[in-house]
Amino acid sequence: MLTTAESSLKTTKLLVIDDSHTNRRLLQAIFGSEGCEVALAESGDQALPALEAHAPDIVLLDLRMPGLDGIQTLRRLRPAAPNIPILMLTSYGDLDAAVEATSLGADDFINRPISNDDLVVRVAHAVEHRRLLDELDTLRTKLSEGQFIKRLMAPSAAMSTIVDNIRRVA
């Protein structure tokens, strides 16, 4: 039985950035079977074009790659995609890299090996967390615009005027 977080992956667009062909294909198979649309990039240099071309909901980014490594790639991705969860993957338990990645805006730092189920759950949780933050922003915007109050009150012109006046004064 799927949890709410896992079921949210059914429409998720995932970008995998990893120099290992085997890792890319494995992640594509894992998340494809979960209903994700998976785009692949094999280097940090391909990351930004892939981000723009595929508009992913989440990114899985390898730490160690030739050329632009994961940290350098994260530095380029984060400003271009401030609200997209980026999860770093590594086969090397590097505490300094984990601290740096987190300080640069990585949402999670995952050491390999990890079970497929655990990886799916962590990705699902990151996607769900982002969805909840987006929903919170939407609700805050509606509240600040007075839409929430207008819906609670009778839909009359007089009440709308009062709510608008209260919002302006506030």
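The sections below set out a description of the structure shown in this document. Along each chain, residue indices are assigned from 1 in the same order as the chain's sequence is written. Given that the model is predicted, a residue must reach a pLDDT of at least 70 before its local features are reported, and side-chain atom pairs must reach 80 or more before they are shown or counted; all residues, however, enter totals for whole chains, interfaces and linings. Just so you know, side-chain values use all the structure's heavy atoms and leave hydrogens and water out.

### Quick notes on the overall build of the protein chain
Here is step 1 of the chain: Per the convention used, a helix needs a DSSP run of H or I reaching at least four residues, while a strand needs a run of E reaching at least two, with both numbered from the N terminus. Helix and strand content of the protein chain: eight helices and five strands.
Here is step 2 of the chain: Reading the protein chain from its N end, one meets helices and strands in the order α-β-α-β-α-β-α-β-α-β-α-α-α.
Here is step 3 of the chain: Taken over 170 residues, the protein chain has a buried fraction of 38%. Under the scheme applied here, a residue whose accessible area is under 20% of the maximum for its type counts as buried, over 50% as exposed, and between as partly exposed, the area being computed with a 1.4 Å probe on protein chains only.

### With respect to the side chain of R24
Here is step 1 of the chain: Summarising the element assignment, R24 is placed in helix α2 (residues 21–32).
Here is step 2 of the chain: The contact criterion used is simple: two residues touch if any of their non-hydrogen atoms lie within 4.5 Å. Residues in contact with R24, not counting those within four places in the same chain, are V16, D18, D19, L40, A41 and E42.

### Considerations on the sheet that holds strand β5 (residues 108–111)
One key point about sheets: their strands pair by backbone hydrogen bonds, in either a parallel or an antiparallel sense.
Here is step 1 of the chain: Spatial strand order, β2-β1-β3-β4-β5: five strands in an open sheet with parallel pairing. Strand pairing shows two members of the sheet lacking a second neighbour, β2 (37–41) and β5, which therefore form its edges. Across the sheet, the mean angle from the axis of one strand to that of its neighbour is 20°, orientation sign disregarded.
Here is step 2 of the chain: Paired strands are those between which DSSP finds at least two bridges. Two strands pair when backbone bridges link them, and strand β4 (residues 86–90) and β5 are joined in this way by four bridges, in the parallel orientation. Across the sheet, L89 pairs through a bridge with I110, a residue of β5.
Here is step 3 of the chain: Think of each axis as a best-fit line through the C-alpha atoms, taken over the contacting stretch in the case of a helix, with angles from 0 to 180 degrees between the N-to-C directions. Across the sheet, α2 touches β1 (13–17), β2, β3 (58–62) and β4, and the angle it forms with β2 is around 170°.

### Remarks on the packing of aromatic side chains
Here is step 1 of the chain: Each Phe, Tyr or Trp ring, with Trp reduced to its six-membered ring, pairs with another whose centre is within 6.5 Å; inter-plane angles below 30 degrees give stacked pairs, above 60 give edge-to-face pairs, and intermediate values give tilted ones. Applying the stated criterion across every chain, the model contains zero aromatic pairs.
Here is step 2 of the chain: Over the face of the ring belonging to Y92 we find R64, whose NZ or CZ atom lies 3.8 Å from the ring centre. Criterion for a charge above a ring: Lys NZ or Arg CZ within 6 Å of the ring centre, and within 35 degrees of the ring normal.

### Things to note about the packing of helix α3 (residues 47–54) against helix α4 (residues 70–80)
The angle between the axes and the distance between the axes are what describe a pair of packed helices.
Here is step 1 of the chain: Look at α3 against α4: their axes get within 10 Å of each other, and the N-to-C directions meet at 30°. Classified by the angle between their axes, α3 and α4 sit roughly parallel to one another. Taken as a pair, α3 and α4 cross one another with a handedness that is right-handed. Between α3, through A47, L48 and L51, and α4, the contact on the second element is made entirely by T73, R76, L77 and A80.
Here is step 2 of the chain: Classification used: nonpolar for Ala, Val, Leu, Ile, Met, Phe, Trp, Tyr, Cys and Pro, charged for Asp, Glu, Lys and Arg, polar for all others including Gly. Considering only residue class, the contact of α3 with α4 consists of five nonpolar, one polar and one charged. Every angle not falling under 35 degrees, over 145, or within 65 to 115 is termed oblique; those three ranges are roughly parallel, roughly antiparallel and roughly perpendicular. By definition, any crossing whose near helix is turned counterclockwise from its far helix by less than a right angle is left-handed, and any crossing with a clockwise turn is right-handed.

### Quick notes on unusual backbone geometry
Here is step 1 of the chain: Here R112 and P113 are connected by a cis peptide whose omega angle stands at 0°.
Here is step 2 of the chain: With respect to the helices, strands and loops of the structure, P113 is situated in the loop between β5 and α6 (116–144).
Here is step 3 of the chain: The backbone of A55 shows a phi angle near 45°, a positive value even though the residue is not glycine.
Here is step 4 of the chain: You can call A55 partly exposed: its relative accessible area is 45%.

### Let's talk about the pattern of salt bridges
Here is step 1 of the chain: The working definition used for a salt bridge is a side-chain nitrogen of Lys or Arg within 4 Å of a carboxyl oxygen of Asp or Glu. This model, assessed by the stated rule, comprises nine salt bridges.
Here is step 2 of the chain: Ionic pairing is found between R112 and D62, a salt bridge with its closest N-O pair at 3.6 Å. Of this pair, R112 sits in the loop between β5 and α6 while D62 sits in strand β3; the two residues are 50 residues apart in sequence, bridging distant segments of the chain. Grouping residues by exposure puts R112 and D62 together as buried.
Here is step 3 of the chain: In this structure, R130 and D134 form a salt bridge, with 3.0 Å as the shortest nitrogen-oxygen distance. Highlighted residues: R130 and D134, both in helix α6, separated by four residues, approximately one helical turn.
Here is step 4 of the chain: A relative accessible area of 16% means that R130 is categorised as buried.
Here is step 5 of the chain: Assessed through its relative accessible area of 37%, D134 is described here as partly exposed.
Here is step 6 of the chain: Overlapping salt bridges, with partners in common, bring together D18, D62 and R112 in one network.

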